[in-house]
Amino acid sequence: MVISSTSKSDEQVSCTFASRYMRESLEKFKMPEQSMPKEAAYQIINDELMLDGAPRLNLASFVTTWMEPECDKLIMASVNKNYVDMDEYPVTTEIQNRCVNMIAHLFNAPVGEEETAVGVGTVGSSEAIMLAGLAFKRKWQHKRKLQGKPIDKPNIVTGANVQVCWEKFARYFEVELKEVKLKEGYYVMDPKKAVEMVDENTICVAAILGSTLTGEFEDVKLLNDLLTQKNKETGWDTPIHVDAASGGFIAPFLYPDLVWDFRLPLVKSINVSGHKYGLVYAGVGWVVWRSKEDLPEDLIFHINYLGADQPTFTLNFSKGSSQIIAQYYQFIRLGFQGYKDIMENCMMNAKVLKEGLEKTGRFSIVSKDIGVPLVAFSLKDGTQYTVFNISDSLRKFGWIVPAYTMPADAQHVAVLRVVIREDFSRGLAERLISDIDKVLKELDSFPSHVVTTKTAHVTVDDDQVGHNNKARKSEKEIQEEVTKHWKRFVEEKRTGVC
């Protein structure tokens, strides 16, 4: 959601091709008094949407931008079905349950032959994380009450590289977020430092399988081992949640021997985004619990006004069934091998892009080979221009490539990131490399965009070094100053997260 204000109430939307149907302009921020022909309404909106970026060239987003036409038909056929009307749409409900069980088995949940997995479809991983966090908080509260201990200071331990939805959960539901700071060259949570921060008020430790910043997988197994030892020493039973929003549909297919999921005893819940590498359009996520005992019963509501008793545990209520249907389509259409083939192809295209960037000799690759298929890279020499200049210059070729700074304590590191999705082909990778090369040559020909160490200086107090003396800044100080400036600029432009 974007919170916006309107400064000019008299601004109008002018017609282009819709002038064939009407000649009057529309007020931007007020509903028109009269109706208009459907053709005109369509054309007006279509003309405005042309100014949006091209989804397939949006390399900032992990969200799926292409699906097969057959799935598009299913989406349109089910868009008018309310997902929560379980009694009216029992088959849709059954399909959701099938998806939950498929994901649970994919993540090695200890589900018996006659058992049903515990989980729910959500609008995205943000809602899934909110639900998982609430379950951890409520279980911790129950235990503390039985022990006669206070319940007013719950906390979650995680890395500073977490997605913003964790910060939202902490703020909305009054939980302290204890972040393990990053450092240059190590941009994920350090399990040892995380366990050191755990105390009796920690409701869970959140590990990220596929960092938004670099795509790297955090070491969940090491975290589990260290936390198990601490629990034995303290008598606590601090659990783990795995935020697998990006990596949950990568690891099972590309790294089946990587132990990160319910094979680890302390992992109690996992969320994953169906609309990322689950290969569904935006609007679907999943959260799965290890067992029924890990989801407190008092968080589940039972309603019957829609025709039958319906258990529900969501923060949203009414929504279309399209994305649930689309997820099931992808599961049965692709199967395990189909997903594996697509993920392998994404990794190959990421390798093509990485090698092309390395050949320029201008970039350092920050992302790792094992993880989400993306390439994060920084400039080796940022004294003439920055990654933010490159990001802006690529816009004229249609590419949307984000530039950003790392979280604390690596704020001085600024990178570009390209997410490789299914629809990002080798041809597009080669074209992007070519366009980046053009941008570099163009920026090389311009006067410096960054103040160099030869001319940069700062005046200090007279009583420190004497009258009119100058203290020169180091190159690192200059880069940190430039990074801070661009970080403020990017934050002002930011309208959402992916």
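Residues numbered from 1 in each chain as written. Predicted model: local features only at pLDDT ≥ 70, side-chain atom pairs only at ≥ 80, totals over all residues. Heavy atoms only, no water.

## Digging into the overall build of the chain
Consideration 1: Along the backbone of the chain there are 13 helices and 17 strands.
Consideration 2: Across the 498 residues that make up the chain, the buried fraction comes to 49%.
Consideration 3: Expressed as a percentage of contacts within the chain between residues at least 6 apart in sequence, the contacts between residues at least 24 apart total 69%. (Helix = DSSP H or I, 4+ residues; strand = E, 2+ residues; numbered from the N terminus. Buried < 20%, exposed > 50% of the residue type's maximum accessible area, 1.4 Å probe, protein only. Contact = heavy atoms within 4.5 Å.)

## Describing the packing of helix H4 (residues 125–146) against helix H5 (residues 164–172)
Consideration 1: Relative to each other, H4 and H5 sit at 45°, their axes nearing to 9 Å. The angle between the axes of H4 and H5 places the two elements in the oblique class. When you trace H4 past H5, the crossing you get is right-handed. Seen from H4, the contacting residues are Ser-126, Ile-129, Met-130, Gly-133 and Leu-134; seen from H5, they are Cys-165, Trp-166, Lys-168, Phe-169 and Tyr-172. (Axes fitted to C-alpha atoms, helices over the stretch in contact; angles between N-to-C directions. Parallel < 35°, antiparallel > 145°, perpendicular 65-115°, else oblique. Left-handed = near helix turned anticlockwise from the far one by under 90°.)

## What to know about the pattern of salt bridges
Consideration 1: Taken as a whole and judged by the stated rule, the model has 20 salt bridges.
Consideration 2: Close ionic contact of Arg-56 with Asp-423 constitutes a salt bridge, the shortest N to O distance being 3.9 Å. Here the residue Arg-56 occupies a position in the loop between helix H1 (38–49) and helix H2 (69–78), and Asp-423 occupies one in the loop between strand S15 (414–419) and helix H11 (426–445), the gap between them amounting to 367 residues.
Consideration 3: Here Lys-221 and Asp-225 are joined by a salt bridge, their closest N and O atoms 3.2 Å apart. Of this pair, Lys-221 and Asp-225 are both found in helix H7 (residues 220–234), four residues apart, which corresponds to roughly one turn of the helix.
Consideration 4: Asp-225 gets classed as partly exposed once you look at its relative accessible area, which sits at 39%. (Salt bridge = Lys/Arg side-chain N within 4 Å of Asp/Glu carboxyl O.)

## Quick word on the nonpolar core
Consideration 1: Ranked by size, the top nonpolar core spans 132 residues in total, and within it Val-242, Trp-260, Trp-289, Ile-390 and Leu-432 carry the most contacts.
Consideration 2: The biggest single contributor to this core is helix H9 (residues 322–360), with 16 residues.
Consideration 3: For Val-242, the residues in contact, after removing those within four places along its chain, are Ala-207, Leu-209, Val-220, Trp-260, Val-267, Ser-269, Ile-270 and Asn-271. (Core = buried A, V, L, I, M, F, W, Y, C linked by side-chain atoms within 4.5 Å.)

## Some words on the confidence of the model for the chain
Consideration 1: Counting all residues, the mean pLDDT for the chain is 89, and 86% of those residues have values of 70 or more.
Consideration 2: When the criterion is pLDDT under 50, residues 451–470 qualifies, and its contacts beyond four places in sequence or with other chains add up to 25 contacts.
Consideration 3: In the predicted structure, residues 493–498 sits below a pLDDT of 50 and forms 10 contacts with residues beyond four places in sequence or in another chain. (pLDDT = per-residue confidence, 0-100.)

## What to know about the side chain of Asn-101
Consideration 1: Residue placement: Asn-101 occurs in helix H3 (residues 90–106).
Consideration 2: Of the residues examined, Asn-101 reaches a relative accessible area of 15% and is grouped as buried.
Consideration 3: Those residues in contact with Asn-101, other than ones at most four positions away along the chain, are Glu-115, Thr-116 and Ala-117.

## Notes on the environment of Glu-167
Consideration 1: Along the chain, the position of Glu-167 falls in helix H5.
Consideration 2: Of the residues examined, Glu-167 reaches a relative accessible area of 35% and is grouped as partly exposed.
Consideration 3: Distance from Glu-167 to Leu-177, taken between C-alpha atoms, is 7.1 Å for residues 10 residues apart in sequence.

## Section: the sheet that holds strand S8 (residues 267–273)
Consideration 1: Within the open sheet, the seven strands sit side by side as S3-S9-S8-S7-S6-S4-S5. Their pairing is mixed. A strand with exactly one partner marks an edge of an open sheet, and here the two such strands are strand S3 (118–122) and strand S5 (176–180). Across the sheet, the mean angle separating the axes of adjacent strands is 20° when strand polarity is ignored.
Consideration 2: Pairing between strand S4 (residues 155–159) and S5: five bridges, direction parallel. The residue of S5 that forms the bridge with Ile-156 is Leu-177.
Consideration 3: Of the strands in this sheet, strand S6 (202–208), strand S7 (240–243) and S8 are in contact with H7, which crosses S7 at around 170°. (Pairing = 2+ DSSP bridges.)

## Quick look at H2
Consideration 1: Of the residues making up H2, those classed as buried are Cys-71, Ile-75 and Ser-78. For H2, the buried positions fall inside an angular range of 80° around the axis, keeping them on one side. Every exposed residue of H2 that faces more than 90 degrees away from the buried side is listed here: Lys-73, Met-76 and Ala-77.
Consideration 2: Next to the buried residues of H2 lie H9. (Arc of directions from axis to C-beta.)

## Structural notes on the packing of helix H10 (residues 387–394) against H11
Consideration 1: It is at 10 Å that the axes of H10 and H11 come closest, and there the two elements cross at 120°. In terms of their interaxial angle, H10 and H11 are classed as oblique. In this structure, the crossing between H10 and H11 has a hand that is right-handed. Here H10 contributes Asn-389, Ile-390, Ser-393 and Leu-394 to the contact with H11, which in turn contributes Asp-435, Ile-436, Val-439, Leu-440 and Leu-443.
Consideration 2: Here the contact of H10 with H11 is built from residues that sort into six nonpolar, two polar and one charged. (Nonpolar A, V, L, I, M, F, W, Y, C, P; charged D, E, K, R; others polar.)

## Some thoughts on unusual backbone geometry
The bulk of non-glycine residues show a negative phi, and the bulk of peptide bonds are trans.
Consideration 1: Here the residue pair Ala-408 and Asp-409 is connected by a cis peptide bond, since its omega of 5° sits within 30 degrees of zero.
Consideration 2: If you check the backbone angles, Asn-108 has positive phi at about 60° while not being a glycine.
Consideration 3: Positionally, Asn-108 belongs in the loop between H3 and S3.
Consideration 4: Assessed through its relative accessible area of 35%, Asn-108 is described here as partly exposed.
Consideration 5: Unlike most non-glycine residues, Leu-279 shows phi in positive territory, near 70°.
Consideration 6: Position of Leu-279 among the secondary structure elements: in the loop between S8 and strand S9 (285–289).

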